[in-house]
Amino acid sequence: MTEADLSRGRRPGPVMRGWARLGDGLAAISTLLIGVLMLLICADAFARNILGGSLPLVSELGAALLVVIVYLALATTIRHNRLARTDVFLGWLARKSPRAAAVLSAVYDLIGAFLLALIGWAGMLTLARDFAGGKYLGIQGVLTFPLWPFGAAFVIGLLVAAVQCLLQAQHALRGGAAQTGGGLE
């Protein structure tokens, strides 16, 4: 279900509403993690300037959090048509031949789903290795974090985003319109 369908008065069913809530919930967690990252950076800046020393693991933890932030918000970004892409051709095609634009949009979403699933598969292999090997981020004896929660969030974000792409491709092929005009064209 797209924003255009909602503006035409079509209401999504309970499964699609639940799916949207899942994606939006992951995006909300992503937003909270942005706040955590900001606090972490501010605490490190305070420690450097006032206390004369840096906090341990700020750059490593910040890098891991940044990846999690991006991938947890990806499904909602896709659903709301906010991915950075050029819609100049697709917008023109939608005006000339809406069905051809819908098919092209579905192909785009199917390729996206395939690539996200492929990256997710590689992430799953890394997650399994990190979990089984008990890998940690940090300095032993000072501060450490297990790596697997970051990997799990990465894989979950990819999985939900891949399914969102499949849902959008299905919608486009069932007679829906191509998603254009996300404001980034």
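Details of the structure are given in the entry above.
Residues numbered from 1 in each chain as written. Predicted model: local features only at pLDDT ≥ 70, side-chain atom pairs only at ≥ 80, totals over all residues. Heavy atoms only, no water.

(A) Geometry of the overall build of the protein. Check the secondary structure of the protein and you find seven helices and two strands. Counting helices and strands in the order they occur from the N terminus, the protein gives α-α-α-α-α-α-β-β-α. Taking 185 residues into account, the globule formula puts the C-alpha radius of gyration at 16 Å, and the protein, at 20 Å, lies well above it. Taking the principal axes of the C-alpha coordinates as reference, the protein spans close to 65 × 40 × 30 Å. The burial tally for the protein puts 37% of its 185 residues in the buried class. Sequence-distant contacts in the protein: of pairs separated by 6 or more residues, those separated by 24 or more amount to 75%. By element, 70% of the accessible surface of the protein is carried by carbon and sulfur atoms, the whole surface being about 10,900 Å². (Helix = DSSP H or I, 4+ residues; strand = E, 2+ residues; numbered from the N terminus. Rg over C-alpha atoms; globule rule 2.2 N^0.38 Å. Buried < 20%, exposed > 50% of the residue type's maximum accessible area, 1.4 Å probe, protein only. Contact = heavy atoms within 4.5 Å. Areas by Shrake-Rupley, 256 points an atom, 1.4 Å probe, with all protein chains shown as cover.)

(B) Structural detail: the environment of Gly123. Mapped onto the elements of the fold, Gly123 is located in helix H6 (residues 98–133). When its relative accessible area of 8% is taken as the criterion, Gly123 is described as buried. As a C-alpha pair, Gly123 and Ile156 span 33 residues in sequence and 9.7 Å in three-dimensional space. Discounting chain neighbours no more than four positions away, the residues touching Gly123 are Phe154 and Val155.

(C) Fine view of a nonpolar patch on the surface. Together, Phe89, Trp92, Val103, Leu104, Val107, Leu110, Ile111, Phe114, Leu115, Leu118, Leu166 and Leu173 give the surface a local cluster of nonpolar side chains, amounting to about 1,100 Å² of exposed area. Ranked by the residues each element gives to the nonpolar patch, the list is headed by H6, at eight residues. (Patch = residues over 30% accessible without salt bridge, like charges linked within 9 Å, V, L, I, M, F, W, Y side chains within 5 Å. Salt bridge = Lys/Arg side-chain N within 4 Å of Asp/Glu carboxyl O.)

(D) Expanded view of the pattern of salt bridges. Scanning all chains against the criterion turns up two salt bridges. Residue Asp24 is joined to Arg79 by a salt bridge in which the shortest nitrogen-to-oxygen separation is 2.4 Å. Note that Asp24 is positioned in helix H2 (residues 14–51) and Arg79 in helix H4 (residues 74–79), a separation of 55 residues in sequence. The exposure class assigned to Arg79 is buried, which follows from its relative accessible area of 12%.

(E) Structural view of the packing of helix H3 (residues 58–72) against helix H7 (residues 148–173). The interhelical angle for the contact between H3 and H7, taken along N-to-C directions, is 20°, at an axis separation of 8 Å. Classified by the angle their axes make, H3 and H7 are roughly parallel. The handedness of the crossing between H3 and H7 comes out as left-handed. Side by side, H3 and H7 meet where Leu61, Ala64, Leu65, Val67, Val68, Tyr71 and Leu72 of the first sit next to Phe150, Ala153, Phe154, Gly157 and Leu158 of the second. Tallied by class, the residues present in the contact of H3 with H7 amount to eleven nonpolar, one polar and no charged. (Axes fitted to C-alpha atoms, helices over the stretch in contact; angles between N-to-C directions. Parallel < 35°, antiparallel > 145°, perpendicular 65-115°, else oblique. Left-handed = near helix turned anticlockwise from the far one by under 90°. Nonpolar A, V, L, I, M, F, W, Y, C, P; charged D, E, K, R; others polar.)

(F) A look at the pairing of strand E1 (residues 136–139). Where E1 meets strand E2 (residues 143–146), four bridges bridge the pair, whose relative direction is antiparallel. The partner of Gly138 across the bridge, within E2, is Thr144. Following E1, the chain reverses through three residues before pairing antiparallel with E2; Gly141 in that reversal takes a positive phi of roughly 90°. (Pairing = 2+ DSSP bridges.)

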